[in-house]
Amino acid sequence: MIANDPKFTAGESAKIAWYIGRMAKRGIAGENVHLGDLQKKVDRIIDGAREREAQQAAEQAEAEKAARKARAKNLRK
């Protein structure tokens, strides 16, 4: 995995482990076995995790902005 990979949920980690295990099993069969389909599935999981983290970061930023706005409003009263 790459250093900039997102934190994975338990389900995402389990799926990635499952696909890596399947890749290893295919690897035992020989060097010329196609692994592209499984690699694409792992890449899709990683991309989905990145999107989820970006969405969560945006929601967190929005919540912090709303909290700051509410505090500022309460200080004016």
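Before reading further, recall that the structure is shown in the block above.
Residues numbered from 1 in each chain as written. Predicted model: local features only at pLDDT ≥ 70, side-chain atom pairs only at ≥ 80, totals over all residues. Heavy atoms only, no water.

Participant: Go over the overall build of the protein with me, naming the residues and quoting the values.
Facilitator: The secondary structure content of the protein amounts to two helices and zero strands. The globule rule puts the C-alpha radius of gyration for 77 residues at 11 Å, and the 20 Å found for the protein is more than 25% above it. Expressed as lengths along the three principal axes of its C-alpha atoms, the size of the protein is roughly 75 × 20 × 15 Å. The buried share among the 77 residues of the protein stands at 16%. Summing over all exposed atoms, the protein offers an accessible surface of approximately 6,300 Å²; the carbon and sulfur share of this is 55%. The distance from the centre of the 17 positive side-chain charges to the centre of the 11 negative ones in the protein is 8 Å. (Helix = DSSP H or I, 4+ residues; strand = E, 2+ residues; numbered from the N terminus. Rg over C-alpha atoms; globule rule 2.2 N^0.38 Å. Buried < 20%, exposed > 50% of the residue type's maximum accessible area, 1.4 Å probe, protein only. Areas by Shrake-Rupley, 256 points an atom, 1.4 Å probe, with all protein chains shown as cover. Lys, Arg positive; Asp, Glu negative; His and termini not counted. Charge placed at Lys NZ, Arg CZ, Asp CG, Glu CD.)

Participant: Could you give an account of a positive patch on the surface, naming the residues involved and the relevant values?
Facilitator: Taken together, the side chains of K65, R68, K69, R71, K73 and R76 define a basic patch exposed on the protein surface. Take R71: it is sitting in helix α2 (residues 36-76). (Patch = residues over 30% accessible without salt bridge, like charges linked within 9 Å, V, L, I, M, F, W, Y side chains within 5 Å. Salt bridge = Lys/Arg side-chain N within 4 Å of Asp/Glu carboxyl O.)

Participant: So what's going on with the pattern of salt bridges? Residues and values would help.
Facilitator: One pass over the full model with this rule turns up three salt bridges. Among the salt bridges present, the one from E12 reaches R52, with a minimum N-O distance of 2.8 Å. With E12 in helix α1 (residues 10-29) and R52 in helix α2, this pair connects stretches of sequence that are 40 residues apart. Between D37 and R26 there is a salt bridge, and its shortest N-O distance comes to 2.7 Å. Pair noted here: D37 is in helix α2 and R26 is in helix α1, with a separation of 11 residues, a long-range link.

Participant: Just give me the short version of the environment of P6, but keep the residues and values in it.
Facilitator: Considering the arrangement of structural elements, one finds P6 in the segment before α1. Given the relative accessible area of 8%, P6 is considered buried. C-alpha separation for the pair P6 and E53, spaced 47 residues apart in sequence, amounts to 7.0 Å. Apart from the residues lying within four places of it in its own chain, the contact partners of P6 are I46, A49, R50 and E53. (Contact = heavy atoms within 4.5 Å.)

Participant: An account of the nonpolar core is needed here, citing residue identities and associated values.
Facilitator: I16, Y19, M23, L38, V42, I45 and I46 together form the largest nonpolar core, which totals seven residues. Counting only elements with at least two residues in this core, the list comes to α1 and α2. A per-element tally of this core places α2 first, with four residues. (Core = buried A, V, L, I, M, F, W, Y, C linked by side-chain atoms within 4.5 Å.)

Participant: So, the side chain of E12: which residues are in play, and what are the values?
Facilitator: Residue classification places E12 among the buried residues on the basis of a relative accessible area of 14%. Within polar-contact distance, the side chain of E12 engages the backbone nitrogen of T9 at 2.9 Å. Apart from the residues within four sequence positions on either side, E12 is in contact with K7, I45, A49 and R52. (Polar contact = N/O pair within 3.5 Å; in protein donor to acceptor, adjacent residues only side chain to side chain.)

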